[in-house]
Amino acid sequence: MRDYCCHLGASSKYPSNNRADRDCDQNIGNCPGFLPSGLPNWPDWRWNDTTTFVDSASSDLQVVAWHYYAYYGCKLAASPNTPCTPGLPPAAEALTTPRFLDRTAERAGRYSRLQQKSAPHAQTWLTATASGGLGGVPNVSNAFASSLWFLDSLGMVAENENSVYFRDEIFCGYDYFQSRFFEWSPYCIIELSRDGEINKVNPDFFPGLLFKRLAGQAVLRATVVPEPSFEYESKLRAYAFCGRDGRSTTTILVNLGSAPLNVTLAVGGAAQKSRTVWLLTAGDDLGLHSRRIRVNGRLMPDDGTAPSEAELAGLRLPAAGSTVALPGLSAALVADAHGGQGCP
């Protein structure tokens, strides 16, 4: 792998503190697979270079890695004065538009199909992603809008047979980013102070924590069947996994619309024993721009204080098969216990 220099998405423009990455940066001109894949509308010749690289290196590849940042527009943390692209919607609006979000699935599928065709023994990994590039969008990437994007992105990448997902980035702080090219980063999940103490926990921490606790590695197929009167471009997103405990299924539901939805969730091939829901909503009236998040109506701490198990407890519905009520612009993780049937 090192003979082929960089993983896809490496960039000589932003130096790294990692020695191997610096070596890559110094030899970027000799790396036939170089592709800044987080940039929008990357030209076909870049993709042709990528396919040539993967084909030529196929026997030595263990992982095909790619990077993707959902919103690469104006008002990014590292380039706040960048002019807005004509016709590009504001970040919060873009991150709740299905056709905009679907670009993640298109990219994930494209890399996965390339890997399966040229290096079937390898895996596809998304090794860096966030709701916005160049540090993210203030009051969007560090707000509730990003939490809806995060769960939707996790589901799309898994559905398209990517094995590993790296959220960029977990921790950041003043000193670390001084060594890079900006001092702070809205897309960080946990913001550190100068002395390394937790200064702020952003909303994305909680969907990430719940997903890690609930979802296993086996991905199931989820299908949305709208009512006849439902709008053409469905605002409801759904993704399903075998549960981490091996005795349940975990379903992600995301309502990208402003209207509430009542979702009848049927888990095929399994006799349900119970259903537990974790409903995620904005922490205050700022909505998508809220810097806080609620889990089943309980406001989560944002100062580094660990939430209690009672605060993170799911809501047990009165009977299996109960309708899940999703307010506008909300998400839910739903655990259906079924004794292990239908999941490895």
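An account of the accompanying structure is given in this report. What you see is a predicted model, and the numbers here were worked out from it, not measured in a lab.

**Topic: the packing of aromatic side chains**
Next, step 1: Using the criterion set out here, one finds 9 aromatic pairs in the structure.
Next, step 2: Ring centres of tryptophan 66 and tyrosine 68 lie 6.1 Å apart, and the angle between their planes is 40°; this geometry places the pair in the tilted category. The exposure classification of tryptophan 66 matches that of tyrosine 68, with both residues buried.
Next, step 3: An aromatic cluster is present here, built from Trp66, Tyr68 and Tyr111 joined pairwise through their rings.
Next, step 4: Sitting above the plane of the phenylalanine 100 ring, arginine 103 keeps its charged end 4.3 Å from the centroid.
Next, step 5: Lying over the aromatic face of phenylalanine 150, arginine 167 brings its terminal NZ or CZ to 5.3 Å of the ring centre.

**Comments concerning the sheet that holds strand 3 (residues 164–167)**
For sheets, the rule is that strands pair by backbone hydrogen bonds, running either parallel or antiparallel.
Next, step 1: Spatially, 3 strands are ordered 1-2-3 in an open sheet, and the strand pairing comes out parallel. Where the open sheet ends on each side, the last strands, each with one partner, are strand 1 (63–71) and strand 3. Averaged over all adjacent pairs, the angle separating strand axes in this sheet is 20°, with direction ignored.
Next, step 2: Where helix 4 (residues 98–118) meets the sheet, it contacts strand 1 and strand 2 (123–132), and its direction lies at approximately 170° from that of strand 1.

**A closer look at the environment of valine 201**
Next, step 1: For valine 201, the position within the fold is in strand 6 (residues 198–201).
Next, step 2: Residue valine 201 is classed as buried on the basis of its relative accessible area of 7%.
Next, step 3: With 13 residues separating them along the chain, valine 201 and cysteine 188 place their C-alpha atoms 8.8 Å apart.

**Overview of the pattern of salt bridges**
Side chains bearing opposite charge may pair, as long as their charged atoms lie close to each other.
Next, step 1: What the rule picks out here adds up to 11 salt bridges.
Next, step 2: Among the ionic pairs, glutamate 191 bridges to arginine 291, the shortest N-O distance being 3.4 Å. Of this pair, glutamate 191 sits in strand 5 (residues 190–192) while arginine 291 sits in the loop between strand 11 (274–282) and strand 12 (293–295), and the two are 100 residues apart along the sequence.
Next, step 3: Take arginine 291: its relative accessible area is 23%, and that puts it in the partly exposed class.
Next, step 4: The salt bridge involving aspartate 302 is made with lysine 200; its shortest N-O contact spans 2.5 Å. Of this pair, aspartate 302 sits in the loop between strand 13 (298–299) and strand 14 (315–316) while lysine 200 is found in strand 6, placing the two residues 102 residues apart along the sequence.
Next, step 5: For lysine 200, a relative accessible area of 14% gives the class buried.
Next, step 6: Each of the salt bridges in this network shares a partner with another, and the network as a whole consists of Asp102, Asp152 and Arg237.

**Considering helix 5 (residues 144–159)**
Next, step 1: Look at helix 5: 23 Å from first C-alpha to last across 16 residues, which is about the 22 Å you get at 1.5 Å a residue.
Next, step 2: Taken across its 16 residues, helix 5 has 15 buried, putting it largely inside the fold.
Next, step 3: Glutamate 161, located one to two residues past helix 5, shows a positive phi value of around 65°.

**Thoughts on the environment of alanine 122**
Next, step 1: Relative to the assigned elements, alanine 122 resides in the loop between helix 4 and strand 2.
Next, step 2: Distance from alanine 122 to serine 58, taken between C-alpha atoms, is 8.5 Å for residues 64 residues apart in sequence.
Next, step 3: What alanine 122 contacts, discounting residues up to four positions off in sequence, is Leu61, Gln62, Val63 and Gln115.

**Here's the deal with the pairing of strand 16 (residues 330–337)**
Next, step 1: Most of strand 16 is tucked away, with 7 of its 8 residues classed as buried.
Next, step 2: Of the pairings in the sheet, the one linking strand 9 (residues 248–255) to strand 16 comprises 8 bridges and is antiparallel in character. Opposite asparagine 255, over in strand 16, you have serine 330 as the bridge partner.

**As for the side chain of serine 290**
Next, step 1: Residue placement: serine 290 occurs in the loop between strand 11 and strand 12.
Next, step 2: A relative accessible area of 0% means that serine 290 is categorised as buried.
Next, step 3: Here the side chain of serine 290 touches glycine 283 through a polar contact of 3.4 Å, landing on its backbone nitrogen.
Next, step 4: Among the polar contacts listed, one links the side chain of serine 290 to the backbone oxygen of arginine 292, at a separation of 3.1 Å.

**Considerations on unusual backbone geometry**
Next, step 1: A cis amide bond links aspartate 168 with the next residue in sequence, glutamate 169, at an omega value of -10°.
Next, step 2: At asparagine 296, a position not held by glycine, the phi torsion is positive, near 50°.
Next, step 3: With respect to the helices, strands and loops of the structure, asparagine 296 is situated in the loop between strand 12 and strand 13.

Criteria and thresholds
Residues numbered from 1 in each chain as written. Predicted model: local features only at pLDDT ≥ 70, side-chain atom pairs only at ≥ 80, totals over all residues. Heavy atoms only, no water. Phe/Tyr/Trp six-rings, centres within 6.5 Å; stacked < 30°, edge-to-face > 60°. Buried < 20%, exposed > 50% of the residue type's maximum accessible area, 1.4 Å probe, protein only. Lys NZ or Arg CZ within 6 Å of the ring centre and 35° of its normal. Pairing = 2+ DSSP bridges. Helix = DSSP H or I, 4+ residues; strand = E, 2+ residues; numbered from the N terminus. Axes fitted to C-alpha atoms, helices over the stretch in contact; angles between N-to-C directions. Contact = heavy atoms within 4.5 Å. Salt bridge = Lys/Arg side-chain N within 4 Å of Asp/Glu carboxyl O. Expected span 1.5 Å × (residues − 1). Polar contact = N/O pair within 3.5 Å; in protein donor to acceptor, adjacent residues only side chain to side chain.

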